[in-house]
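# Examining the three-dimensional arrangement
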Amino acid sequence: MSSTSESEIRSTIDAWLAAVRAEDAAAIAEIHAEDGRILVGGSPVIAGRAAIADFWKGLLAVTNGTVVFGPTTIEVDPAGAMAFEVGTYSFKTGGPGEETPNAGNYLVVWKKVGGEWKVCVDSLVAG
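What counts as what
- Residues numbered from 1 in each chain as written.
- Predicted model: local features only at pLDDT ≥ 70, side-chain atom pairs only at ≥ 80, totals over all residues.
- Heavy atoms only, no water.
- Pairing = 2+ DSSP bridges.
- Helix = DSSP H or I, 4+ residues; strand = E, 2+ residues; numbered from the N terminus.
- Salt bridge = Lys/Arg side-chain N within 4 Å of Asp/Glu carboxyl O.
- Buried < 20%, exposed > 50% of the residue type's maximum accessible area, 1.4 Å probe, protein only.
- Contact = heavy atoms within 4.5 Å.
- Axes fitted to C-alpha atoms, helices over the stretch in contact; angles between N-to-C directions.

In terms of strand pairing, strand β1 (residues 32-40) meets strand β6 (residues 116-126) through five bridges, oriented parallel. Looking at β6, one finds that L39 is bridged to S123. Of the strand pairs in this sheet, β1 and strand β2 (residues 46-47) are connected by two bridges, and their pairing is antiparallel. Bridge pairing links I38 to I46 in β2. Hairpin connection of β1 to β2: five residues between the antiparallel strands, including G42 at a positive phi of 80°.

Next comes the structure, spelled out in structure tokens:
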């Protein structure tokens, strides 16, 4: 069960990265559960798909196609209903010659909703 679930999660991560490359904030929000949340240090909790789409729209606008992330660990519970992913991310903000690098770690909690893996919590920790 867990290897199939891990494979499904990795496939969803690939779709997420494709949506990032396409700068499609609405598609990114759909990868999240309806009540999904993003936690960013020093900011209020970003809750719900509309707020998640707004967050990503803003992030994509200032990062000029430099957002990269990927898991280092994915663990699925034995029942196959929940999982967590730990990974790293990076992006740059600013214009050419004035770019500021940003990088850190993240934790994503996944849950199975209607037969599909959805992000219920995405927590970013600046490095």
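Additional details are given in the paragraphs that follow.
Across eight bridges, strand β3 (residues 68-76) lies against strand β4 (residues 82-93) in antiparallel orientation. Bridging across to β4, E75 finds its partner in F84. Once β3 ends, the chain turns through five residues before running back antiparallel as β4, passing G80 with a positive phi of about 75°.

What follows deals with the pattern of salt bridges. For the structure shown, the criterion picks out five salt bridges. The shortest N-O distance in the salt bridge between E116 and K118 comes to 3.4 Å. Taking relative accessible area as the criterion, E116 reaches 47% and is therefore assigned partly exposed.

Overall, mixed pairing links the six strands, which are arranged β2-β1-β6-β5-β4-β3 in an open sheet. What marks the edges here is a single partner per strand, and that holds for β2 and β3. On top of the sheet, helix α3 (residues 49-63) reaches β1, β2, β3, β4 and β6; it is set at about 50° to β1, its chief contact.

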